[in-house]
Amino acid sequence: MGSVPVPIAAMFAMDPEFAGHYTDIRELIYRERPDGLSLEVKELILVLLDICVSNKDGALNHLRAAQRAGLTKTQLQEMLLEAFLVLGVSGWGKVGHHLWTEWDSEGDR
């Protein structure tokens, strides 16, 4: 499933049993299902949730994963506008604009 963020790696080191359970949960969430969400939508939802809790690093990590899965710039734009509608300028200022800037620094996909 890719790299593990530093805080999660620290939890894995603290308790290997926890690491196994965490990995099981992630695999369950990311499992492909015929009538389920696509990978890019799952990642986009995680980006949105990270915006909601002001987790810039998590949002950027999930944005990159969403891009690899096929997320478009327009899809990101629409989600950011929805986030602004609910969170206002605070959500944009803490995390949202970093995502938009990161996309532009990577070039259009």
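Bear in mind that the values here come from a model prediction, so they are computed numbers and not experimental data. (Residues numbered from 1 in each chain as written. Predicted model: local features only at pLDDT ≥ 70, side-chain atom pairs only at ≥ 80, totals over all residues. Heavy atoms only, no water.)

Draft legend 1. Structural detail: the environment of Val89. With respect to the helices and strands, Val89 occurs in helix α5 (residues 73-106). Considering only alpha carbons, one finds Val89 and Asp57, 32 residues apart in sequence, at a separation of 19 Å. (Helix = DSSP H or I, 4+ residues; strand = E, 2+ residues; numbered from the N terminus.)

Draft legend 2. Main features of the packing of helix α1 (residues 6-14) against helix α2 (residues 16-30). For the pair α1 and α2, the least separation of the axes is 5 Å and the interaxial angle reads 130 degrees. Taken together, the axis directions place α1 and α2 in an arrangement best described as oblique. In this structure, α1 uses Ile8, Met11, Phe12, Ala13 and Met14 to contact α2, whose residues at the interface are Pro16, Phe18, Ala19, Tyr22 and Thr23. (Axes fitted to C-alpha atoms, helices over the stretch in contact; angles between N-to-C directions. Parallel < 35°, antiparallel > 145°, perpendicular 65-115°, else oblique. Contact = heavy atoms within 4.5 Å.)

Draft legend 3. Looking closely at empty space enclosed by the protein. Tallied over the entire structure, the rule returns one cavity of 30 Å³ or more. Each pocket or cavity is described by its volume, and for the largest cavity that value is around 40 Å³. Take the lining of the largest cavity: its biggest share by element is eight residues, from α5. Tallied by class, the residues present in the lining of the largest cavity amount to six nonpolar, three polar and no charged. (1 Å grid on protein atoms, 1.4 Å probe; cavity = no way out; pocket = protein on both sides within 12 Å on 5 of 7 lines; lining within 4 Å. Points joined across faces, edges and corners; volume = space filled by probe spheres on them. Nonpolar A, V, L, I, M, F, W, Y, C, P; charged D, E, K, R; others polar.)

Draft legend 4. Here's a closer look at the side chain of Lys42. Following the sequence through the fold, Lys42 ends up in helix α3 (residues 39-52). Notably, Lys42 is buried but unbridged: the nearest opposite-charge side chain belongs to Glu32, and the N-O separation is 7.8 Å. Excluding anything up to four places from it in sequence, Lys42 contacts Ile29, Tyr30, Arg31, Arg33 and Leu37. (Buried < 20%, exposed > 50% of the residue type's maximum accessible area, 1.4 Å probe, protein only. Lys, Arg positive; Asp, Glu negative; His and termini not counted. Salt bridge = Lys/Arg side-chain N within 4 Å of Asp/Glu carboxyl O.)

Draft legend 5. Molecular detail of the nonpolar core. Core analysis: the largest hydrophobic core is formed by 15 residues, its most contacted members being Val47, Ile51, Leu63, Leu71, Leu76, Met79 and Leu99. Mapped by element, the contributors of at least two residues to this core are α3, α4 (56-69) and α5. The element that contributes the greatest number of residues to this core is α5, accounting for seven residues. Excluding its chain neighbours within four sequence positions, the residues that come into contact with Val47 are Ala59, His62, Leu63, Met79 and Leu99. (Core = buried A, V, L, I, M, F, W, Y, C linked by side-chain atoms within 4.5 Å.)

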